[in-house]
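Okay, here's what each chain looks like letter by letter:
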Amino acid sequence: MQPFQRLTATACPLPYANIDTDQLIPARFMKRSRAEGYGGYLLHDMRFSGEGSEVPDFPLNRPQFRNAQIVVARRNFGAGSSREAAVYALVDYGIRCVIAPSFGDIFASNSVNNGLLPARVEEQDAEALMRHLESDGAELTVDLEEQSVTAGDRRIPFVVDPVWRMKLLNGWDDIDLTLNQADAIARFTVEDAARRPWAAPHPQAR
């Protein structure tokens, strides 16, 4: 997994609350192979009309936001079902960070496991960032080391779980996180065997 440390990129404002996982990727597209990529189905029913043409004024369809790698949204982003495909759609589209006041819990956990940063900010800061993107330029800098978002001259702090931060900074999945403790696990195993020899399985029971 690609580490996430500092990203300066186009950011797209999505001025909606409660964007759920069914909106992020409608269920009918989840029958397709992940190998095909899910990015084309991201927010499909909001990005496209019933006839399949782009909705011109939807933020991700506007020229200045089309190649966004960062999204700024309102509260409860990623609510709804636990489908990991919602994160796949964002990642396959090219999104590396979502900034919002709150996230669906399972969505946020799935995001980290796929290298996507869920950066939690205060509601007023999310609104300020969206106003900045609409009026002053479509670029933000997200610094995970400092846990900050820079928009022009303004620097806004964000919150992320410390373990998630460690995983993203290092590009670790859950197995990598466990392997990082390999020395401590080995020491415990030796010490526990000496302290509780009776707990080890009998050789004939193996």
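Along each chain, the written sequence defines residue order, and numbers are assigned to residues from 1. Residues qualify for local features only when their pLDDT is at least 70, as the model is predicted, and side-chain atom pairs are given and counted only at 80 or more; totals for whole chains, interfaces and linings, by contrast, use all residues. Each side-chain value is derived from all of the structure's non-hydrogen atoms; neither hydrogens nor water enter the calculation.

- If you check an unreviewed UniProt entry, the protein chain appears there as 3-isopropylmalate dehydratase small subunit from Microvirga subterranea.
- Regarding the protein chain, the UniProt comment filed under Pathway (unreviewed entry) reads as follows: "Amino-acid biosynthesis; L-leucine biosynthesis; L-leucine from 3-methyl-2-oxobutanoate: step 2/4."
- UniProt positions are given in the numbering used here, feature names are shortened, and annotations may be inferred rather than shown by experiment. UniProt, in the comment section headed Function (unreviewed entry), describes the protein chain in these words: "Catalyzes the isomerization between 2-isopropylmalate and 3-isopropylmalate, via the formation of 2-isopropylmaleate."

### Remarks on the sheet that holds strand E1 (residues 6-14)
(1) Moving on: Within the open sheet, the 7 strands sit side by side as E4-E3-E2-E1-E5-E6-E7. Their pairing is mixed. In this open sheet, the two edge strands, each paired with only one partner strand, are strand E4 (117-120) and strand E7 (154-157). Neighbour to neighbour, the strand axes of the sheet diverge by 30° on average, direction disregarded.
(2) Moving on: DSSP-based pairing: two strands are paired if at least 2 bridges between them are found. A run of H or I in DSSP becomes a helix once it reaches four residues, and a run of E becomes a strand once it reaches two; helices and strands are each numbered from the N terminus. Bridge analysis of strand E6 (residues 148-151) against E7 gives 4 bridges, and the strand direction is antiparallel. Residue pairing across strands places Val149 opposite Ile156, the latter belonging to E7. To get an axis, fit a line to the C-alpha atoms, keeping to the stretch in contact for a helix; angles then go from 0 to 180 degrees between the N-to-C directions.

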